[in-house]
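Okay, here's what each chain looks like letter by letter:
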Amino acid sequence: MNDRTLPAIDFSTVGPAVGAPFPAVRLPDQHGRVVDLHAARAGRRTLIVFFRSARW
Amino acid sequence: MALFAISYDPVAVLQGFAARWGITYPLLSDEGSRTIRALGLLNEHAEEQVRFYGVAPRDEHQGIPYSGLFLLDADGTVVDKQFEQSYRHRPVTTLVLDEVLGVAEPAPAASARAEASGLQVVAWLDAPAYRPYQKLRLHLALHVEPGLHVYASPTPEGFTPLTVEIAPRAGLSVWPLVAPTPQPFGVAGLEETFLVYEGMFRVSLPFSIDVAAGAVTLDVRVRYQACSATECYPPATLALTLPLAGEDLIRE
């Protein structure tokens, strides 16, 4: 740790906005199967978590 | 309810991670960070943040998203998003359930209680243990004696507003106090109105412990001044202590 401060980020303008549709996402899951996020959520409320890494 | 987690890890890493920790919801692999970039979520401050922690930038710091989450309604519209100022911080599960999903919290594992002139306080934590950089909340339920009020900021000259503090310790990060909107209170004979709390209300103080310090004890100080329409108690401080166990980071 040092005495510098973290940069202040305004997240209201970062990524999809509240009130906007979440864009289409197609990515492989942990089994290597490609997941279409909107198809897989099948009309359910959805929580999408972005995390830095499972390794560190 | 559906749940997805997205990182830049290769499928093989996510496969091992899911197996090791029993994760059955989809962990999506955005190797190369194309989706993270397309969504505008690439952490463009990663190098500054890494340097803030006194760490030399490495290749693995490139391509990470900002740390946060989106809540979508049934139609796929974003109805909430919560992001952290640092790639290291993330909320404890209870906080997400409560603040994002509106699911009632389970009963607190342990609580502390204190009272003094005009005020009773019960304090508890989101979880019985912390992991380094995990955001937890200190919760306080306050009960102001009937006929009295405590002041919110800004206070009239010479009065003490309600403040909540966790005693400083190595690695402690604290966010602003989350409190209900105070009520205006007029004093007979004065034109000015003051902002006060009366009756029962709750506040919370998000915090994290950014070191692996093992089990700790949090010393909490609630400073306030209770007054009636005509008289005041002197400013007072309630002291509460809460034990908090320490756990390691979860990673593959």
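For clarity, every value in this text was computed on a predicted model and none was experimentally measured.

Caption draft 1: Just the interface of chain A and chain B, in detail. Contacts between the two partners involve 46 residues from chain A and, on the opposite side, 67 residues from chain B. Both sides of the chain A and chain B interface together cover about 5500 Å² of buried area, and 65% of this is carbon and sulfur. Summed over the three residues of chain A that lose the most area to chain B, namely Q30, F50 and W56 of chain A, the buried surface amounts to 17% of that side. Put simply, chain A and chain B have zero salt bridges between them. Linking chain A with chain B are 25 residue pairs in polar contact (both at pLDDT 80 or more). Here the side of chain A that touches chain B takes five residues from strand β3 (residues 46-50) of chain A, the largest share from any one element. Residue classes in the side of chain A that touches chain B are distributed as 27 nonpolar, 12 polar and seven charged.

Caption draft 2: Geometry of the side chain of Q49 of chain B. On the secondary structure map, Q49 of chain B appears in helix α3 (residues 46-52). Within the local environment of Q49 of chain B, its side chain forms a polar contact with the backbone oxygen of Q85 of chain B, the two atoms lying 3.0 Å apart. Apart from the residues lying within four places of it in its own chain, the contact partners of Q49 of chain B are L6, P7 and I9 of chain A together with N43, Q85, S86 and Y87 of chain B.

Caption draft 3: Expanded view of the packing of aromatic side chains. Counted by the stated rule, this structure contains 12 aromatic pairs over all chains. Ring plane angle 25° and centroid distance 5.3 Å describe the contact between F11 of chain A and F83 of chain B, whose orientation is recorded as stacked. Residue F11 of chain A is found in the segment before β1 (26-28), and its partner F83 of chain B is found in strand β4 (residues 78-83); the two belong to separate chains. Residues F11 of chain A and F83 of chain B agree in their burial class; the two are buried. Between Y151 of chain B and F194 of chain B, the aromatic rings sit 6.1 Å apart at their centres with planes inclined by 80°, giving edge-to-face as the arrangement. One end of the pair, Y151 of chain B, is in strand β10 (residues 149-151); the other, F194 of chain B, is in strand β14 (residues 193-197), with 43 residues separating them in the sequence. Exposure class is identical for Y151 of chain B and F194 of chain B. Each is buried.

Here is what the cut-offs are and how they apply
- For every chain, the first residue of the written sequence is number 1, and numbering continues from 1 along that sequence.
- Lettering for chains starts from A, numbering for ligands starts from 1, and both go in the order in which the items are written.
- Local features in this predicted model are restricted to residues whose pLDDT is 70 or higher, and side-chain atom pairs enter the listing and the counts only when it is 80 or higher, whereas totals over whole chains, interfaces and linings include all residues.
- The side-chain values count all of the structure's non-hydrogen atoms but skip hydrogen atoms and water molecules.
- We call two residues in contact whenever any of their non-hydrogen atoms come within 4.5 Å of each other.
- Buried area: the accessible surface (1.4 Å probe) lost by two parts on joining, summed over both.
- We count a salt bridge whenever a side-chain nitrogen from Lys or Arg sits within 4 Å of a carboxyl oxygen from Asp or Glu.
- Two N or O atoms form a polar contact when they lie within 3.5 Å of each other; inside protein one atom must be a possible hydrogen donor and the other a possible acceptor, and for residues adjacent in sequence the pair counts only when both atoms belong to side chains.
- Each helix is a run of H or I in the DSSP string that is no shorter than four residues. Each strand is a run of E no shorter than two, and both are numbered from the N terminus.
- We call Asp, Glu, Lys and Arg charged. Ala, Val, Leu, Ile, Met, Phe, Trp, Tyr, Cys and Pro are nonpolar, and the rest, Gly among them, are polar.
- By convention, a stacked pair of Phe, Tyr or Trp rings (six-membered ring in the case of Trp) has centres within 6.5 Å and planes under 30 degrees apart, an edge-to-face pair has planes over 60 apart, and any other such pair is tilted.
- The buried label goes to any residue with under 20% of its type's maximum accessible area, the exposed label to any with over 50%, and the partly exposed label to all in between, with areas taken from a 1.4 Å probe on protein chains only.

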